[in-house]
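Survey of secondary and tertiary structure
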Amino acid sequence: MGHGSSKEDGSSSSSDEDAKPSRISRVKHRLRRHRLRRRRRSDSSHKKLFAAEDFAGIAHLTLINAEMKFKDKWLACVSFGEQTFRTNVSTETDKPVWNCERKLLLEKNGPLVARISVFETNRLSKNNLIGYCEINLLDYLTQDSDSDFGTFDLIDPGSSDKVVGCVRISCNVEDPIETEKNFARRILSIVDYDEDGKLSLSEFSELINAFGNNLAASKKEELFKAADKNGDGVVSLDELAELLALQQETEPIMNCCPVCGEVVEGGDKLNSLIHLSLCFDEGTGNQVMTGGFLTDKQASYGWMFKLSEWAHFSSYRFGLNSGSSASHILVFDRKTKRLVEELIDTKIVLSMRTIYQSKIGLGLMDKGAKEILQSISERQGRQMNTVESAKEIPKFVEFFKDQINMAEVKYPLEHFKTFNEFFVRELKPGARTIASIERDDVAVCAADCRLMAFKSVEDSLRFWIKGRKFSIQGLLGKEVCSNAFIDGSLVIFRLAPQDYHRFHLPVSGTIGKFVNIPGCLYTVNPIAVNSKYCNVFTENKRVVTIISTAEFGKVAFVAVGATMVGSITFVKKEGDFVKKGEEIGYFSFGGSTVICVFEKGAIDIDDDLLANSGRSLETLVSVGMTLGVSKKKPGSGGLPNLENCVLRN
């Protein structure tokens, strides 16, 4: 019945109603378009909630310019935590100017070190890393200086004592009130259609409607009049920004972020401020660095890499899928709290994926390829012990130039007569600090490696190990395994080829019998570990021993062989009493793994290691870093205090 009159009587009002949503949608579209223009991918660093005691501030970092040793076209990347940003490419010069800025969230217990990497550009492939520096932003911001500007030397990635240039930055902590004003000012400028620096009531109304807060929408005229001090019907952006900043604190007008659409909690001023500041990150008018990258290597790749990524030959993802489908393995550096990329040849990745991620590939393994791998490993091992193999050392060091620190190595390169001598290189005394050396109830990391840690084997199967038949019994073998290990904690120390290949003791105690378990030589790369078609840790050659401790009970220590690692050498023997941090053995050429199994309820593994592992993300650690603390209570035994004894008849 009511349908008949709507067409005749409501024509004019209908037109007005149709026009209003159209204007609102235009405002929302401009906000979304701004987001797409400034943000390549969603940044996740500000999505978790922060307590006031964890928040250290929002740093406003500007990468100004650099001075280099030669002329080229340059770009720079800033890596901070799990985010990386890149500048525009400079003109051909030895003094590139970028004036690119970015806001970074500082947490008291979070990432504090920003790495600045400078690349010379290459149109055809990835760009070349020329120099880098690392800056502790909290230290920099709290130093006794009247200037926000600083100049830092750029270090050659292949030589820590060689300076290849310098970079100039500006960094300061934003005042929260000014941040709120700037945010409101930037938002409001979007609806200033005539760009005269003032807003009319209609422009302001469209913005309030776009925020989606019905209560605020009903008060928009009241808010507008409060800002319109002289009553001329328009207000300056600064005046309105100040009003909105105060209003957001007392009675929020935004239910959700106008840029990304996420819900903004009105009563949580701190997290609202963090979210809005980082989500809408323009500031001084300088170029804003492009975000959405995970590592500086990813950000620096040229157009050929982008084409290959578009064709799905490679991808940048960390977590569960990184081992099975991505050719770029990302790990979390515990020291710098930053994502880093593990270097591995693309051809090797593709071949490993062909073998380990398909039934056909593993079928070939079952039909004789295992014996071929064994033969290749033995032959390669013999070759790496020849004098001729020494010529491969400089090329190896160059390939891993920013991941092998020669300043820590005990001997210079010319000391090594074969490649294998270099591969099992020793470090200088004191190159690795053993945490809490005087406390045997603190366990430490056993190797320079990528670590995964799990409270239980069940957790390891859920987050990392995908082999269908993995078990503690299969890992340790019948001769060593006991019921106490079945539901125990599991720690996997994976060594890559570029790592220091001597492994150390995580706990103090007495070494038991060494049990050799024959097996295959599958790779220990996550591509194989995450395969559902094989069981690397229960099928590979390995050596198992039990360390008897006072603080952790019995700890199973497993050295696992892998492709090109046919040799596992121990420098301790059965019955030796050892202290944590002491060297126990080494792997010859290749990359391999050490696994420790603790008895159920014996250890509290460090929270950060468990959290990363829960995301299926390996943590890059060094020998001697803390691993966990014993859960066993100190014994109350011992001789009685005779002074307090009372003799009775």
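Residues numbered from 1 in each chain as written. Predicted model: local features only at pLDDT ≥ 70, side-chain atom pairs only at ≥ 80, totals over all residues. Heavy atoms only, no water.

Put simply, the rule is: UniProt positions are given in the numbering used here, feature names are shortened, and annotations may be inferred rather than shown by experiment.
The name given to the protein in an unreviewed UniProt entry is Phosphatidylserine decarboxylase proenzyme 2, with Gossypium arboreum as the source organism. Of the protein, the UniProt comment under Subcellular location (unreviewed entry) reads exactly: "Endomembrane system". Its UniProt record, at the heading Subunit (unreviewed entry), says of the protein: "Heterodimer of a large membrane-associated beta subunit and a small pyruvoyl-containing alpha subunit."

**A few points about the overall build of the protein**
Put simply, the rule reads: A helix here means a DSSP run of H or I that spans at least four residues, while a strand means a run of E at least two residues long, and both kinds are numbered starting from the N terminus. Categorising residues by exposure relies on relative accessible area from a 1.4 Å probe, with only protein chains included: less than 20% of the type maximum marks a residue as buried, more than 50% marks it as exposed, and the intermediate range marks it as partly exposed. Residues count as neighbours in contact if any of their non-hydrogen atoms are within 4.5 Å of one another. The protein chains shown are the only cover counted for residues, whose accessible areas, like all others here, come from Shrake-Rupley with a 1.4 Å probe.
Summing up its helical and strand segments, the protein has 21 helices and 29 strands in all. A burial count over the protein gives 50% of its 649 residues as buried. Counted over contacts in the protein with a minimum sequence separation of 6, partners at least 24 positions apart contribute 72%. Of the roughly 31,000 Å² of accessible surface on the protein, 52% is carried by carbon and sulfur atoms.

**Some thoughts on the UniProt feature "active site" (unreviewed entry) in the protein**
Operational definition: Any pair of nitrogen or oxygen atoms within 3.5 Å is treated as a polar contact; in protein, a donor-acceptor pairing is required on top of that, and neighbouring residues in sequence qualify only through side-chain atoms on both sides.
In the numbering used here, UniProt assigns the "active site" (unreviewed entry) feature to D448, H504 and S592. Despite a sequence span of 145 residues, these residues sit close together in the fold, their greatest C-alpha distance being 14.0 Å. Relative to the elements of secondary structure, D448 occurs in the loop between strand 15 (442–444) and strand 16 (449–454). Exposure remark for D448: the relative accessible area of 8% places this residue in the buried category. Here D448 is in contact with R432, L495, D499, Y500, V621, S622 and V623, once residues within four sequence places are set aside. For D448, the side chain forms a polar contact with the side chain of R432, separated by 2.7 Å. Mapped onto the elements, H504 comes out in strand 18 (residues 502–504). Among the residues examined, H504 registers a relative accessible area of 10% and is labelled buried. Ignoring any residue separated from it by four or fewer positions in sequence, one finds H504 in contact with A446, F557, G581, E582, E583, I584 and V623.

**Quick look at the sheet that holds strand 25 (residues 583–587)**
What counts is decided by this rule: Should DSSP find at least two bridges between two strands, the strands are regarded as paired. Structural elements are reduced to axes, namely lines fitted to C-alpha atoms, with helices fitted over the stretch in contact, and the angle between N-to-C directions of any two is expressed from 0 to 180 degrees.
Strands sit in the order 18-25-23 across an open sheet of three strands; the sheet is antiparallel. Each edge of the sheet is formed by a strand with only one pairing partner; in this case those strands are strand 18 and strand 23 (568–570). For this sheet the average axis-to-axis angle between neighbouring strands, irrespective of direction, equals 25°. Relative to strand 25, strand 18 is paired through three bridges, and the arrangement is antiparallel. Pairing of F503 across the sheet is with G585, part of strand 25.

**Quick notes on the pattern of salt bridges**
Stated formally: For this analysis, a salt bridge means a side-chain nitrogen from Lys or Arg found within 4 Å of a carboxyl oxygen belonging to Asp or Glu.
Within the structure shown, the criterion is met by 22 salt bridges. K401 serves as the salt-bridge partner of E398, at 3.7 Å between the closest nitrogen and oxygen. Note that K513 and E479 form a salt bridge whose closest N and O atoms lie 3.1 Å from each other. Of this pair, K513 sits in the loop between strand 19 (509–511) and strand 20 (515–517) while E479 is found in the loop between helix 17 (472–476) and helix 18 (483–486), placing the two residues 34 residues apart along the sequence. According to the relative accessible area criterion, E479 is exposed, its value standing at 55%. Ionic contacts of the salt-bridge type, sharing partners, join the residues R115, E134, D296 and R338 into one network.

**A few points about the side chain of D576**
Examined against the element boundaries, D576 turns out to sit in the loop between strand 23 and strand 24 (577–578). Reaching out from D576, the side chain makes a polar contact with the backbone nitrogen of K573 at a distance of 3.0 Å. Those residues in contact with D576, other than ones at most four positions away along the chain, are G509, T510 and I511.

**Describing helix 14 (residues 392–399)**
To be explicit about the condition: Each C-beta atom gives one direction from the helix axis, and the arc is the one those directions make.
The complete set of buried residues in helix 14 reads I393, F396 and V397. Each buried residue of helix 14 sits inside an arc of 95° when the element is viewed along its axis, so together they form one side. Residues of helix 14 that are buried sit in contact with helix 15 (419–423).

**Some thoughts on the packing of aromatic side chains**
What characterises a pair of aromatic rings is the spacing of the ring centres plus the angle enclosed by the ring planes. Under the convention used in this document: Only the six-membered ring of Trp is used, alongside the rings of Phe and Tyr, when aromatic pairs are assigned; centres must lie within 6.5 Å, and planes under 30 degrees apart are stacked while those over 60 apart are edge-to-face, with the rest tilted. Whether a charge sits over a ring depends on NZ of Lys or CZ of Arg being within 6 Å of the ring centre and within 35 degrees of the ring normal.
Applying the stated criterion across every chain yields a total of 14 aromatic pairs. Aromatic side chains F503 and F587 sit 4.9 Å apart centroid to centroid with 50° between the ring planes, which places their arrangement in the tilted category. Of this pair, F503 sits in strand 18 while F587 sits in strand 25, placing them 84 residues apart in sequence. Taken together through their ring pairs, the aromatic side chains of F396, F399, F400, F416, F419, F422 and F423 make up a single cluster. Above the ring of Y132, the side-chain terminus of R115 is found at 4.2 Å from the ring centroid. We note R502 situated over the ring of Y586; from NZ or CZ to the ring centre the distance is 4.7 Å.

**Brief notes about the UniProt feature "modified residue: Pyruvic acid (Ser)" (unreviewed entry) in the protein**
Within the UniProt annotation, "modified residue: Pyruvic acid (Ser)" (unreviewed entry) is assigned to S592. Tracing the backbone shows S592 in the loop between strand 25 and strand 26 (593–598).

**Quick look at the nonpolar core**
Quick reminder of the rule: Only buried residues count toward a nonpolar core, which is a set of Ala, Val, Leu, Ile, Met, Phe, Trp, Tyr and Cys residues joined through side-chain atoms within 4.5 Å.
Ranked by size, the top nonpolar core spans 34 residues in total, and within it L451, F493, F503, F557 and F598 carry the most contacts. The next biggest cluster of nonpolar side chains, apart from the first, holds 28 residues, and it includes A76, C100, L106 and C133.

**Here we look at the sheet that holds strand 27 (residues 603–605)**
Spatially, 15-29-27 is the arrangement adopted by the three strands of the open sheet, whose pairing is antiparallel. Each end of this open sheet is capped by a strand with a single partner; those strands are strand 15 and strand 27. The mean inter-strand angle of the sheet, taken between neighbouring strand axes irrespective of direction, is 30°.

**Focus on the pairing of strand 14 (residues 338–342)**
Among the five residues of strand 14, four are classified as buried, and the element is accordingly described as predominantly covered. As paired strands, strand 13 (residues 329–333) and strand 14 are joined by five bridges and run antiparallel to one another. By the bridge assignment, L330 is partnered in strand 14 with E341.

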